[in-house]
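This is what each chain is made of:
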Amino acid sequence: MGKRRRAAALVGEELISPVNSLDDGYLMHIFSFLSPIPDRYNTALVCHRWRFLACHPRLWLRVERPIRDVTEPGVYPNLEAAVSAARPGDTILIAAGGTHVACNIQIKKPICIIGGGELPDDTVLTCSRGSDNALEFLSTCKIANLTIRAELGCCLLHRSGRLTIQECLLQCEQNPLDYLSFPIISTAIEYNPFPALKEQGHGVTVVHTRIEGGAKAVRTNGTLALQHVRAIYSRSSVFFWFEVGEK
């Protein structure tokens, strides 16, 4: 009778949490299919084992403030170092709190950059005066949950590929030369010899993002233009949805 009860208890445990019976390799493979924020981030809160696997450098790189120990594999003291080490398809998680410097960082491979805070205001990238931009994109990329501030110039410079900006705050500081400042500049020129393959073209997609300051939200040239504009007004801010694509 005791053996039957123990067997039933084991069966009950497997039914309650069968995923815990998988080894670390299988669990990490499952976690790789989750969106970094919020799904993979939430898995790290379940237990110590899941936190270790969900934050493993194979799944994403991390940018921590300098006061933290940066000798841990996959942890970098600044965004430029993390971008340099990233492989195509990697995700970089920037620690919340404090300010991270981002000046003229070129991104030539498809990666995802995400702020680690609960709100975009919790993770701030600052582009100091004298720099043309904070981030320059030459590949298909995504940024999310970040605040990006530029004293002069632009927050994001889009050269080529498809850029997705989701749930961010883009700020151009007020100054006498703010007519030269743009939160987003796209210099891409759309040319696609195969019109059916639209996903291979250039463009910018902005979703649920606040844009403050600057001459206007987006400056484009070539054959790209602003389209599908939508704005949602709240008590303290305005959120924008729009696309920059072929005219």
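About the cut-offs
Residues numbered from 1 in each chain as written. Predicted model: local features only at pLDDT ≥ 70, side-chain atom pairs only at ≥ 80, totals over all residues. Heavy atoms only, no water. pLDDT = per-residue confidence, 0-100. Helix = DSSP H or I, 4+ residues; strand = E, 2+ residues; numbered from the N terminus. Contact = heavy atoms within 4.5 Å. Salt bridge = Lys/Arg side-chain N within 4 Å of Asp/Glu carboxyl O. Buried < 20%, exposed > 50% of the residue type's maximum accessible area, 1.4 Å probe, protein only. Pairing = 2+ DSSP bridges. Axes fitted to C-alpha atoms, helices over the stretch in contact; angles between N-to-C directions.

### Some details on the confidence of the model for the chain
Parts of the prediction with low pLDDT should not have their coordinates interpreted in detail. Averaged over the chain, the pLDDT score is 82; the fraction of residues at 70 or greater is 83%. Element-level mean pLDDT values for the chain span from 47 in helix α1 (residues 2-16) up to 97 in strand β5 (residues 105-107). Here residues 7-15 is a poorly scored stretch, pLDDT under 50, and it has 2 contacts once near neighbours within four places are set aside; other chains count. A low-confidence stretch, residues 191-199 (pLDDT under 50), is modelled with 5 contacts involving residues beyond four sequence positions or located in other chains.

### Focus: the pattern of salt bridges
With the rule as written, the count across this model stands at 6 salt bridges. Between E64 and R62 there is a salt bridge whose closest N-O contact spans 3.3 Å. Of the residues examined, E64 reaches a relative accessible area of 10% and is grouped as buried. Residue R62 is classed as buried on the basis of its relative accessible area of 11%. In the salt-bridge network here, residues are joined through shared partners; they are D121, R210 and E212.

### Observations regarding the pairing of strand β3 (residues 91-94)
Each regular strand carries side chains that alternate between the two faces of the sheet. Of the two faces of β3, the one lined by T91 and L93 and the one lined by I92 and I94 are each fully buried. Pairing of strand β1 (residues 61-63) with β3 involves 3 bridges; the strand directions are parallel. If you follow V63 over to β3, its bridge partner there is I94. The sheet contact formed by β3 and strand β6 (residues 112-115) spans 4 bridges and is parallel. For T91, the partnering residue across the bridge sits in β6 and is C112.

### What about the sheet that holds strand β16 (residues 218-220)?
Across the sheet, which stays open at both edges, the 5 strands sit in the order β5-β8-β11-β14-β16 with parallel pairing between neighbours. Looking along the sheet, the strands with just one partner apiece sit at the ends: β5 and β16. For this sheet, the mean angle separating the axes of adjacent strands, direction not counted, is 15 degrees. Relative to strand β14 (residues 182-186), strand β11 (residues 154-158) runs parallel, the two being bridged by 4 bridges. By the bridge assignment, C154 is partnered in β14 with F182.

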